[in-house]
Amino acid sequence: MERPSLRRQLVMIFLGIAIPIGILLGLLLFFSGLYSRNRLAAAASGGLDMFTTNFENQLDSVENYLLNLSLNDATFRSLSEQTDRTRAYLDAYEIVQGFPAVLAASDTLMGVVLRSGSGNLYVGRYGAAAQQLKQKLNLEAYLGQPGQTNKMMTKGWYLRTIGQRLYLLRSVFYQKASLTAAVDLRLVFEELVEDYGLDGQVIVMNDSGNVLVGDANLLPTKMEWNSEGYCLTKVGRDSRLVVRKQVKALTVLYLVPCQHFGVYFAPYQILLVMGAHAAAGEVSCLVSNMAAKKLNCYKSLG
């Protein structure tokens, strides 16, 4: 049996060493990049979770306040049954004294509006989240419409568009009196969210998947979520990592830029790749030189 030539032997030895090293190196870099991407997702998810948890806690606190007031407050019940306009004003004045404390405890709450059918009385108090007088007037005009109490949802928070602004509302009522708390969603998710260090893109959707706040063009037609709780999207040339949280009936998406794996490599990993490439080149040159010397030796003997 003819023995393999020296060149072939050296090439086989080189391949036997280089291929396993290349595979191991590729796996190392792949899992290192995957680990870095998972860390990015965990950081984004942690920031979003901090914001949404605080937001939901504030909504629950406001809701509990409204329910307690409507069920247990004697003044509110008196107002609901009041026929004397002067007495209704006094009852309303006493009730709204507690609103500033609620507004101060919730930076996402735009305002609370008290309305009584007695003399068509309504009084609003607003916090830092209410920026424009026009918004306040639009909200009070909407809640003061005749028959509006019959249109209110009394089971949980609900969405309403008022004066081209989208609000999350929570209403309670007893007979002729009603209380409504309002949250301006655009203000919360476009401005207040920045106070939590979320400098990426925030998109809010309802339970039907319709975008309420944010740029719908940043989302693909379909998103596939992995086991780590995030998904990768690419629209045009921009790749983004997306995490999500649920707040009541709202789905909150947080998008952060996500680049190719090479961006996440540490300096030592980049040096490792360069070193492996250089070593492969040196071995290749060594094989060629040894084969050339062997060939010259055969020629000289011939």
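Rules used in this analysis
Residues numbered from 1 in each chain as written. Predicted model: local features only at pLDDT ≥ 70, side-chain atom pairs only at ≥ 80, totals over all residues. Heavy atoms only, no water. Buried < 20%, exposed > 50% of the residue type's maximum accessible area, 1.4 Å probe, protein only. Helix = DSSP H or I, 4+ residues; strand = E, 2+ residues; numbered from the N terminus. Pairing = 2+ DSSP bridges. Axes fitted to C-alpha atoms, helices over the stretch in contact; angles between N-to-C directions. Contact = heavy atoms within 4.5 Å.

1. Description of the pairing of strand S5 (residues 177-184)
Point 1. Along S5, eight of the eight residues are buried, which leaves the element largely enclosed by surrounding structure.
Point 2. The pairing of strand S1 (residues 111-116) with S5 spans six bridges and is classified as antiparallel. Bridging from a neighbouring strand, valine 112 pairs with alanine 181 of S5.
Point 3. Inspection of the sheet shows strand S4 (residues 165-174) paired to S5 by eight bridges, in the antiparallel sense. The partner of leucine 168 across the bridge, within S5, is valine 183.
Point 4. If you look at the hairpin formed by S4 and S5, you'll find two residues sitting between the two strands, and glutamine 175 has a positive phi there, around 55 degrees.

2. A short note on the sheet that holds strand S3 (residues 158-162)
Point 1. Strand order in the open sheet made by the five strands is S2-S1-S5-S4-S3, with antiparallel pairing throughout. Edge positions in the open sheet fall to strand S2 (121-126) and S3, since each of these has one partner strand only. Averaged over all adjacent pairs, the angle separating strand axes in this sheet is 30 degrees, with direction ignored.
Point 2. Note that S1 and S2 share six bridges and pair antiparallel. For leucine 114, the partnering residue across the bridge sits in S2 and is valine 123.
Point 3. Each of S1 and S2 is contacted by helix H3 (residues 85-96), which is oriented at about 20 degrees to S2, the strand it contacts most.
Point 4. In the packing of helix H5 (residues 133-143) onto the sheet, contacts are made with S1, S2, S3, S4 and S5, and the angle to S2 comes to roughly 145 degrees.

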